[in-house]
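# A structural walkthrough
Next come the chains, spelled out residue by residue.
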Amino acid sequence: CISPIQLIIIPIYTTKNKSKILKKAQEIKEKLKQQGIKVEIDDSEKTPGEKFYYWELRGVSLRIELGEKELKGKITLFLRDTKQKIKISLNEIEKQGLELDKRLKEKADKNFKNSIVNCKTKEDIEKALKEKKIAKANFCSINKDGEKCAEIVEKELLAFVRGVLHNKKEKATGKCLFCGKKAKEV
């Protein structure tokens, strides 16, 4: 994960148990750091709700809520992507993080795939662009000899030619929608 903070620990305490909770939070932080997890503790004087909101806005995906109950047993882990709170042992955190990464990647891949529209005509491209989609079409070339067609896309459609999919080579069929030459790219 490239996030500067992967997990935030939110201590939930009263004046009576504050030192116990903060000590446990520090222990958990050190154990997680040894596992290579980028973790911080929010020991500010904000309410737990304010802390939750603050860290969600910053995109931190995992949150440990550490209160009196968690001192005696399993910890409460909040998963931002599913909005679930689960009770787990500390050694399950890494597994939960990997599962979260997998879910996020699957969701991003699905969203990307659903944003691509196969276009057979200029009108199809215009419709796709109006719907904020990515238009996929036969194109003469993504090299120098395709510049004139790319200019048409920019001037007439107010869009840009972005190239080809990096993870698969697609075979063009038919003609370029802009110049009518044999298409070499999709």
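What counts as what
Residues numbered from 1 in each chain as written. Predicted model: local features only at pLDDT ≥ 70, side-chain atom pairs only at ≥ 80, totals over all residues. Heavy atoms only, no water. Buried < 20%, exposed > 50% of the residue type's maximum accessible area, 1.4 Å probe, protein only. Helix = DSSP H or I, 4+ residues; strand = E, 2+ residues; numbered from the N terminus. Pairing = 2+ DSSP bridges. Salt bridge = Lys/Arg side-chain N within 4 Å of Asp/Glu carboxyl O. Contact = heavy atoms within 4.5 Å. Polar contact = N/O pair within 3.5 Å; in protein donor to acceptor, adjacent residues only side chain to side chain. Phe/Tyr/Trp six-rings, centres within 6.5 Å; stacked < 30°, edge-to-face > 60°. Lys NZ or Arg CZ within 6 Å of the ring centre and 35° of its normal.

Right, let's talk about the pairing of strand β4 (residues 75-79) for a bit. Each regular strand shows side chains that alternate between the opposite faces of the sheet. Where burial is concerned, most of β4 is hidden: five out of the five residues are buried. Every second residue of β4 is oriented toward a common face, with Ile75, Leu77 and Leu79 on one face and Thr76 and Phe78 on the other, all of them buried. Where strand β3 (residues 62-66) and β4 come together, four bridges link them in antiparallel fashion. Counterpart to Leu62 in the pairing with β4 is Leu79. Counting the residues that bridge the hairpin from β4 to strand β5 (residues 84-88) gives four residues, and of these Lys83 lies at a positive phi of roughly 60°.

In the structure shown here, the tally under the stated rule is 16 salt bridges. When the shortest N-O distance is used, the salt bridge between Glu45 and Lys18 registers 3.2 Å. Linking Glu45 in the loop between β2 (39-41) and α2 (48-57) with Lys18 in helix α1 (residues 18-34), this pair joins segments that are 27 residues apart in sequence. Given a relative accessible area of 65%, Glu45 falls into the exposed group. For Lys18, a relative accessible area of 28% translates into the label partly exposed.

Here Lys24 shows up in helix α1. Linking Lys24 and Pro11, residues 13 residues apart in sequence, is a C-alpha distance of 9.0 Å. With residues near it in sequence (within four places) discarded, Lys24 still touches Leu66 and Leu71.

Here Glu170 lies in the segment after α6 (147-157). Of the residues examined, Glu170 reaches a relative accessible area of 19% and is grouped as buried. Within the structure, the side chain of Glu170 is placed 2.7 Å from the side chain of Lys136, a separation counted as a polar contact. Here Glu170 is in contact with Lys136, Leu165 and Val186, once residues within four sequence places are set aside.

Another point: the packing of aromatic side chains. Any two aromatic rings considered together are summarised by their centre-to-centre distance and by the angle between their planes. Summed over the entire model, instances satisfying the criterion amount to two aromatic pairs. Between Tyr54 and Trp55, the ring centres sit 4.9 Å apart and the planes meet at 85°, which makes this aromatic pair edge-to-face. Overall, Tyr54 belongs to the partly exposed group, its relative accessible area being 28%. Assessed through its relative accessible area of 13%, Trp55 is described here as buried. Lying across the ring of Phe52, Arg63 places its NZ or CZ 3.8 Å from the centre.

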